[in-house]
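A closer look at the structure
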Amino acid sequence: MKTATRILLFTLCLMLSACMPPGQRLLDISIEVDGQAKIEAIYGVPDYTPVEDMWDELSVVEFQCSPEEAAGIFESYGSIEGEVVITIRHVQDVLASSTVNDLLMVQGRNKASWKISPDEIQRLNANSQQQ
């Protein structure tokens, strides 16, 4: 009887774990310009998200910076000039990075938030180097 109860409990636990939502991977996305860290954001993706699909997720990630900080980052409204490196990390591991000569960002929900322009996402993905 005890064996049957254990099998039943094991089966129930297995079924319940299959119904649980997937875990999250907390990503750290950083933007460096000419070797200097400028802004970063944290964003969660489902565990099963392939690295190459993480670039598409960047279109909704908002980078927070004050107007004073923005003045030191952007050459003109939303435009970052120089060697721009975007890096996606999970914990300490670099998952992917992309280097471009310039980057266009658009205003987020408020004056202190910026998002990578959707047009730039494809370019970043094409230039990406997965680790």
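Here's a quick rundown of the structure. (Residues numbered from 1 in each chain as written. Predicted model: local features only at pLDDT ≥ 70, side-chain atom pairs only at ≥ 80, totals over all residues. Heavy atoms only, no water.)

**What about the overall build of the chain?**
Broken down by element type, the chain carries four helices and seven strands. By the burial criterion, 34% of the 131 residues in the chain qualify as buried. The contacts in the chain between residues at least 6 apart in sequence include a share of 56% that link residues at least 24 apart. Surface accessibility of the chain: about 8,300 Å² in total, with carbon and sulfur atoms responsible for 55%. (Helix = DSSP H or I, 4+ residues; strand = E, 2+ residues; numbered from the N terminus. Buried < 20%, exposed > 50% of the residue type's maximum accessible area, 1.4 Å probe, protein only. Contact = heavy atoms within 4.5 Å. Areas by Shrake-Rupley, 256 points an atom, 1.4 Å probe, with all protein chains shown as cover.)

**Brief notes about the nonpolar core**
Core analysis: the largest hydrophobic core is formed by 30 residues, its most contacted members being I31, L58, F63, I80, I86, L103 and M105. Elements that contribute at least two residues to this core include exactly β1 (24–33), β2 (36–46), α2 (51–57), α3 (67–73), β4 (79–90), β5 (93–107), β6 (113–116) and α4 (118–127). For this core, the leading source of residues is β5, giving five residues. Not counting the four nearest positions on each side in its chain, F63 is found in contact with I29, I31, I39, E40, A41, M105, A112, S113, W114 and I116. (Core = buried A, V, L, I, M, F, W, Y, C linked by side-chain atoms within 4.5 Å.)

**Structural notes on the environment of D47**
By secondary structure assignment, the location of D47 is in the loop between β2 and α2. Judged by its relative accessible area of 39%, D47 falls in the partly exposed class. In this structure, the C-alpha to C-alpha distance between D47 and R25, residues 22 residues apart in sequence, is 5.4 Å. When neighbours within four sequence positions are excluded, D47 is seen to be in contact with G23, Q24 and R25.

**So, the side chain of E62**
Note on placement: E62 falls in the loop between α2 and β3 (63–64). The class for E62 is buried, based on a relative accessible area of 17%. At 3.1 Å, the side chain of E62 forms a polar contact with the side chain of S113. Setting aside chain neighbours within four positions, we find E62 in contact with A41, G108, R109, S113, W114 and K115. (Polar contact = N/O pair within 3.5 Å; in protein donor to acceptor, adjacent residues only side chain to side chain.)

**As for the pattern of salt bridges**
Under the criterion given, the structure shown has three salt bridges. A salt bridge links E120 to R123, with the nearest nitrogen and oxygen atoms 2.8 Å apart. Of this pair, E120 and R123 both sit in helix α4, three residues apart, roughly one helical turn. Taken together, the salt bridges that share partners define one network made up of D102, E120 and R123. (Salt bridge = Lys/Arg side-chain N within 4 Å of Asp/Glu carboxyl O.)

**Describing the pairing of β5**
Where β4 lies against β5, ten bridges are found, and the strand directions are antiparallel. By the bridge assignment, E81 is partnered in β5 with D102. Between β4 and β5, which pair antiparallel in sequence order, lie two residues; one of them, V91, sits at a positive phi of approximately 60°. Across three bridges, β5 lies against strand β7 (residues 128–130) in antiparallel orientation. Within β7, the position partnered with S97 by the bridge is Q129. Pairing geometry for β5 and β6, over three bridges, is antiparallel. (Pairing = 2+ DSSP bridges.)

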